Amino acid sequence: MSSGLMVTVAGEQVPLDECGWFQREKCGCIIAAVVAVVGSRVIATAEQAHKHMTPSAHTRAKEDREGCTWELMTMAHYRQHIGRRWECDQHRKDGAA
Ligand SMILES: [Zn+2]
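Remember, it's a predicted structure, so these values are computed and weren't measured experimentally.

**Section: the overall build of the protein**
Thought 1: The helix and strand tally for the protein stands at three helices and seven strands.
Thought 2: When the elements of the protein are put in sequence order from the N terminus, they spell out β-β-β-β-β-β-α-α-β-α.
Thought 3: For the C-alpha atoms alone, the extent of the protein along its principal axes is close to 40 × 35 × 25 Å.
Thought 4: Residue burial in the protein is summarised as follows: out of 97 residues, 33% are buried.
Thought 5: Within the protein, contacts between residues separated by at least 24 positions form 50% of all contacts whose residues are at least 6 apart in sequence.
Thought 6: Carbon and sulfur atoms provide 52% of the accessible area of the protein, an area that totals close to 6300 Å².

If you want it as structure tokens, here you go:
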């Protein structure tokens, strides 16, 4: 079942159901990902994503201090543009791209 929610991602209106939340380290590496909607479980904000993936408030505060951020993007965008290239330029291993 669809959540029926629409969100704006990169200037486009898309169903939240087609999106996922991605956690980046300060450098740009993606370190965690969670799809926005699974059945009746809906994650509509970055804060909810953080709480879902990191139940410990202590750990969340540490990640915030370290500059980790959450962003919403469509799974199609992720598959087309990121996928296996989830590491930033700095941390990408030679030949992995
Ligand atoms: Zn990195």
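**Quick word on the environment of lysine 93**
Thought 1: One can find lysine 93 in the segment after α3 (75-82).
Thought 2: For lysine 93, a relative accessible area of 56% translates into the label exposed.
Thought 3: Among the polar contacts listed, one links the side chain of lysine 93 to the side chain of glutamate 87, at a separation of 3.3 Å.

**Thoughts on the pattern of salt bridges**
Thought 1: All told, the structure shown has five salt bridges when counted by the stated rule.
Thought 2: One salt bridge connects glutamate 71 with arginine 24, and the closest N-O pair in it is separated by 2.8 Å. Note that glutamate 71 is positioned in strand β7 (residues 69-74) and arginine 24 in strand β3 (residues 19-24), a separation of 47 residues in sequence.

**Quick word on the sheet that holds β7**
Thought 1: Here three strands make up an open sheet; going across it, the order is β4-β3-β7 and the pairing antiparallel. Looking at the sheet topology across the chains shown, the edges are occupied by β4 (30-35) and β7. On average, each strand axis in the sheet is inclined to that of its neighbour by 25 degrees, with strand direction left out of account.
Thought 2: The pairing of β3 with β7 spans six bridges and is antiparallel. Residue pairing across strands places phenylalanine 22 opposite glutamate 71, the latter belonging to β7.

**Comments concerning the coordination of the zinc ion**
Thought 1: For the zinc ion, the full set of protein donor atoms is Cys27 (SG), Cys29 (SG), Cys88 (SG) and His91 (ND1), and the range of their distances to it is 1.9 to 2.3 Å.
Thought 2: Here the zinc ion binds four donor atoms, and the angle range of 103 to 116 degrees at the metal identifies the geometry as tetrahedral.
Thought 3: Every donor residue of the zinc ion comes from the same chain, spaced as C-x1-C-x58-C-x2-H. Note that cysteine 27 is positioned in the loop between β3 and β4 and histidine 91 in the segment after α3, a separation of 64 residues in sequence.

Definitions and cut-offs
- Residues numbered from 1 in each chain as written.
- Predicted model: local features only at pLDDT ≥ 70, side-chain atom pairs only at ≥ 80, totals over all residues.
- Heavy atoms only, no water.
- Helix = DSSP H or I, 4+ residues; strand = E, 2+ residues; numbered from the N terminus.
- Buried < 20%, exposed > 50% of the residue type's maximum accessible area, 1.4 Å probe, protein only.
- Contact = heavy atoms within 4.5 Å.
- Areas by Shrake-Rupley, 256 points an atom, 1.4 Å probe, with all protein chains shown as cover.
- Polar contact = N/O pair within 3.5 Å; in protein donor to acceptor, adjacent residues only side chain to side chain.
- Salt bridge = Lys/Arg side-chain N within 4 Å of Asp/Glu carboxyl O.
- Pairing = 2+ DSSP bridges.
- Axes fitted to C-alpha atoms, helices over the stretch in contact; angles between N-to-C directions.
- Donors = N, O, S within 2.8 Å, 3.2 Å for Na, K, Ca; no water.
- Tetrahedral: all angles 85-135°; square planar, octahedral: opposite > 155°, others 65-115°.

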